[in-house]
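Examining the three-dimensional arrangement
Residue-level listing of the chains:
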Amino acid sequence: MKMEAGEFKELVRRTRSIRRFRGNEPVASGVLRELVDCARLVPSSANLQPLRYVICNRPDKGEEIFACLKWAGYLTDWPGPAPGERPVAYIVIVADSVIASQPWCDCGIAAQTIALYAASQGLGTCMLGALDRDRLRGILGLEKRYEILLVLALGRPAEQAVLAEVDQEHGIRYWRDTQGIHHVPKRSLSEVILKEFAAS
Ligand SMILES: Cc1cc2nc3c(=O)[nH]c(=O)nc-3n(C[C@H](O)[C@H](O)[C@H](O)COP(=O)(O)O)c2cc1C
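What you are looking at is a predicted structure, and each value in this text was computed from that prediction instead of being measured.

Spatially, 1-2-4-3 is the arrangement adopted by the four strands of the open sheet, whose pairing is antiparallel. The open sheet has two edge strands with one neighbour each: strand 1 (51-56) and strand 3 (124-128). With strand direction ignored, the average angle separating the axes of adjacent strands in the sheet is 25 degrees. As paired elements, strand 3 and strand 4 (residues 146-155) share five bridges and run antiparallel to each other.

See the structure below:
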């Protein structure tokens, strides 16, 4: 299968963290299951596949999960999404510690795969690692063997998030303009390629 390079890159460009959602547009359980079905196919260290997923689109449980999350540390005057613009679904990525003890790389691969697939379907996601894990464990009723790694919040986007260049004013800190557009500075290609051993 060959895909247009530009098409894939555009998907990557569009797959930004979204933190405000259309609170009245639910995401069906079948969609969440499909996203996890995609994530289970990705590479895994030693192919151990220690990741497990808790999926939720039930509003009352969603509210409880929401209470465990910390939003947008750089937007210091924004307390997080208001009622009506909160995520409508969640995928919580956990690791079975009996299977593997260093699952973070697997988790990143799975999380971004879900984010890309979701974006391709017009859904917005935000990965959240700043969590009250003890509280969340209780809410989800998780056994001790499962380590909570990351929460993915999902819904139809109610905000625009765009890429920006790292500049003097903002550095790498994301920021929101007066129209409410969220800007995400990314380091330049020349900054991130540390060395280049190029064929002549
Ligand atoms: C491992 C990880 C943990 C993150 N945790 C949080 C979080 O707790 N709260 C939040 O609002 N955003 C969180 N984010 C989102 C980042 O802030 C976001 O990726 C970054 O600002 C760049 O924006 P972009 O995703 O649009 O490129 C997390 C992202 C990653 C990869």
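The N-to-C vectors of helix 2 (residues 29-39) and helix 4 (residues 104-120) enclose an angle of 135 degrees; their axes lie 9 Å apart at closest approach. Of the possible angle classes, the one that applies to helix 2 and helix 4 is oblique. With respect to the hand of their crossing, helix 2 and helix 4 are arranged in right-handed fashion. The segment helix 2 lies against helix 4, with Glu-34, Leu-35, Cys-38 and Ala-39 engaging Ala-110, Thr-113, Ile-114, Tyr-117 and Ala-118. By residue class, the composition of the contact of helix 2 with helix 4 is seven nonpolar, one polar and one charged.

Close to the ligand lie 15 residues; Arg-16, Ser-17, Arg-19, Ala-72 and Lys-186 are nearest. Arg-19 is positioned such that a nitrogen or oxygen atom in its side chain is 2.9 Å from an oxygen atom of the ligand. The contact in question runs from a nitrogen atom of the ligand to an N or O atom on the backbone of Met-127, over 3.0 Å. Protein burial of the ligand: of its 620 Å² of free accessible surface, 70% is covered by the chains. Among the elements of the structure, strand 3 and strand 7 (182-186) are those that each provide at least two residues to the shell around the ligand. Considering only residue class, the shell around the ligand consists of nine nonpolar, two polar and four charged.

Let us look at unusual backbone geometry. Its identity is not glycine, yet Ala-46 carries a phi of approximately 55 degrees, on the positive side. In this fold, Ala-46 is placed in the loop between helix 2 and strand 1. For Ala-72, which is not a glycine, the phi torsion comes out positive at approximately 45 degrees. Topologically, Ala-72 is positioned in the loop between helix 3 (59-66) and strand 2 (89-96). The exposure class assigned to Ala-72 is buried, which follows from its relative accessible area of 7%.

Note that Arg-16 resides in the loop between helix 1 (5-14) and helix 2. It turns out Arg-16 is buried and unbridged, and the closest side chain with the opposite charge, Glu-10, is 8.9 Å from it. Reaching out from Arg-16, the side chain makes a polar contact with the backbone oxygen of Val-12 at a distance of 3.3 Å. Beyond its immediate stretch of four places on either side in the chain, Arg-16 contacts Thr-125, Ala-161, Val-162, Leu-163, Val-184 and Lys-186.

A word on the sheet that holds strand 6 (residues 175-176). With mixed pairing, the three strands of this open sheet are ordered in space as 5-7-6. Pairing within the sheet leaves two strands with one partner each, and these edge strands are strand 5 (161-165) and strand 6. Bridge analysis of strand 6 against strand 7 gives two bridges, and the strand direction is antiparallel. Residue pairing across strands places Trp-175 opposite His-183, the latter belonging to strand 7.

A word on a nonpolar patch on the surface. A cluster of nonpolar residues, Met-1, Met-3, Phe-8 and Val-12, forms a patch on the protein surface that exposes about 450 Å² of accessible area. Following the sequence through the fold, Val-12 ends up in helix 1. For Val-12, a relative accessible area of 32% puts it in the partly exposed group.

Parameters and conventions
Residues numbered from 1 in each chain as written. Predicted model: local features only at pLDDT ≥ 70, side-chain atom pairs only at ≥ 80, totals over all residues. Heavy atoms only, no water. Pairing = 2+ DSSP bridges. Helix = DSSP H or I, 4+ residues; strand = E, 2+ residues; numbered from the N terminus. Axes fitted to C-alpha atoms, helices over the stretch in contact; angles between N-to-C directions. Parallel < 35°, antiparallel > 145°, perpendicular 65-115°, else oblique. Left-handed = near helix turned anticlockwise from the far one by under 90°. Contact = heavy atoms within 4.5 Å. Nonpolar A, V, L, I, M, F, W, Y, C, P; charged D, E, K, R; others polar. Near = heavy atom within 4 Å. Polar contact = N/O pair within 3.5 Å; in protein donor to acceptor, adjacent residues only side chain to side chain. Areas by Shrake-Rupley, 256 points an atom, 1.4 Å probe, with all protein chains shown as cover. Buried < 20%, exposed > 50% of the residue type's maximum accessible area, 1.4 Å probe, protein only. Lys, Arg positive; Asp, Glu negative; His and termini not counted. Salt bridge = Lys/Arg side-chain N within 4 Å of Asp/Glu carboxyl O. Patch = residues over 30% accessible without salt bridge, like charges linked within 9 Å, V, L, I, M, F, W, Y side chains within 5 Å.

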